[in-house]
Amino acid sequence: MKFTAKQIAEVLQGNVDGNPEDEVFKLAKIEEGEKGALSFLSNPKYEKYIYETKASIVIVNNDFKPEQEILATLIRVPDAYAAFAQLLEMYNEHQLNKLGISEKCEVESSASIGDNAYIGAFAYIGQRVKIGNNVKIYPQAYIGDDVTIHDNTTVFAGVKVYHQCQIGSNCTLHAGCVIGADGFGFAPTENNNYNKVAQIGNVILEDNVEIGTNTTIDRATLGSTIIRKGVKLDNLIQIAHNVEIGDNTVVAAQAGISGSTKVGKNAIIAGQVGLVGHIKIADKTIIAAQSGVTSDITKEGSVILGSPALDIKRYKKSYIHFRNLDKIVKRLDELEKQIKENKE
């Protein structure tokens, strides 16, 4: 679809500086702009590109004053970045606006599906599944028996939701994530073998949760593994059985949270962090990348780093000594030598 500068300005409540009939049909970064592309300028570091870009239309701040001739038509708004973000959201909604149930999917007769649903080809919807309104389930997704998915949730291609799990409203499950596989439960025997412990709980995702690609959330042994409202999980994360993650906590890629650990609200867990099992993490805790957390964090708002993780101030002081460890050892050796010589 093509849009004119005038139409875009009306949506953004901005003003056209140039030809209001200039048309665009795609979005691009300003340094990569081509004819027919819409871009934006908000960071002064990129201003040089506006004088050479081939983009047809560029969104700029109201106070932008060009120092050279600009070939593109400008749309002036109070905040160019926010305006472009608004357009990205509109574009994304348009791209993902799918409706209807494919003839190539399999929906069990006992399942119920709400209004305006989309179910793609080769998706499977199990027995007694309850799917709310405006839910989108992309091709090759698997929704196990007795699963509930509430309104306005999107399940992308290849997602697997095991039996009895519950997915809230306005959630996004990206391709390849697995919700509700067995927790890692095995009991050692006298013969040094392991007997599997049945995992009969489930996973609950509350509202406004987003799960990245290939992230796995294990079902509880008993009870539920719970991801509270507003939580955002990146790609390639492992959440073990009976974990609970509090409201609006974010977790970056390759982090792992071991069984029965409780993470508080509004926490930030950076990439490659590891948490042992059966510990508690206070609200608003920040855990820096590659940290290994082995005990409770009880102070709200703590910032920790290292493995085993320490308060970040203590870690930085310790790191100074660690970097100078060879010099310190050399000095100790010299002192020991002097003491030995003095005794002789």
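Residues numbered from 1 in each chain as written. Predicted model: local features only at pLDDT ≥ 70, side-chain atom pairs only at ≥ 80, totals over all residues. Heavy atoms only, no water.

Our next topic: the sheet that holds strand S15 (residues 142-143). Strand order in the open sheet made by the 10 strands is S9-S12-S15-S18-S21-S26-S29-S32-S35-S38, with parallel pairing throughout. With one partner strand each, in any of the chains shown, strand S9 (106-107) and strand S38 (292-293) form the two edges of the open sheet. For strand S26 (residues 216-218) and strand S29 (residues 238-239), the ladder comprises two bridges, and the chain directions are parallel. Counted as the bridge partner of isoleucine 217 is isoleucine 239 from S29. (Pairing = 2+ DSSP bridges. Helix = DSSP H or I, 4+ residues; strand = E, 2+ residues; numbered from the N terminus.)

Buried within helix H1 (residues 5-12) we find Ala5, Ile8, Ala9 and Leu12. Viewed end-on, H1 has its buried residues packed into an arc of 100°, placing them on one side of the element. Once H1 finishes, glutamine 13 follows within two positions and takes phi at roughly 55°, a positive value. (Buried < 20%, exposed > 50% of the residue type's maximum accessible area, 1.4 Å probe, protein only. Arc of directions from axis to C-beta.)

The next thing to look at is the pattern of salt bridges. A side chain of one charge can pair with a side chain of the opposite charge if their charged atoms are brought near each other. Within the structure shown, the criterion is met by eight salt bridges. For aspartate 182, the salt bridge goes to lysine 196, with nearest N and O atoms at 3.1 Å. Placement of the pair is aspartate 182 in the loop between strand S21 (178-181) and strand S22 (186-188) and lysine 196 in strand S23 (residues 194-196), with a sequence separation of 14 residues. By relative accessible area, which is 33% here, aspartate 182 ends up partly exposed. Here the salt bridges do not stand alone but share partners, grouping Glu206, Arg228 and Glu244 into one network. (Salt bridge = Lys/Arg side-chain N within 4 Å of Asp/Glu carboxyl O.)

Once that is clear, we can look at the packing of aromatic side chains. Two measures describe an aromatic ring pair: the distance that separates the ring centres and the angle between the ring planes. For the coordinates displayed, the defined rule picks out seven aromatic pairs. Consider the rings of phenylalanine 40 and phenylalanine 84, whose centres lie 4.5 Å apart with planes at 25°: the pair is stacked. With phenylalanine 40 in strand S5 (residues 37-40) and phenylalanine 84 in helix H3 (residues 80-95), the pair connects residues that are 44 residues apart, well separated along the chain. Judged by its relative accessible area of 7%, phenylalanine 84 falls in the buried class. A connected cluster of aromatic rings, assembled from ring pairs, spans Phe40, Tyr81 and Phe84. (Phe/Tyr/Trp six-rings, centres within 6.5 Å; stacked < 30°, edge-to-face > 60°.)

Interhelical geometry of helix H4 (residues 312-323) versus helix H5 (residues 325-343) gives an angle of 60° and a closest axis separation of 4 Å. Relative to H5, the element H4 is oriented oblique. Contacts from His321, Phe322 and Arg323 of H4 reach H5 at Leu325, Asp326 and Ile328. Residues belonging to the contact of H4 with H5 are distributed by class as follows: three nonpolar, one polar and two charged. (Axes fitted to C-alpha atoms, helices over the stretch in contact; angles between N-to-C directions. Parallel < 35°, antiparallel > 145°, perpendicular 65-115°, else oblique. Contact = heavy atoms within 4.5 Å. Nonpolar A, V, L, I, M, F, W, Y, C, P; charged D, E, K, R; others polar.)

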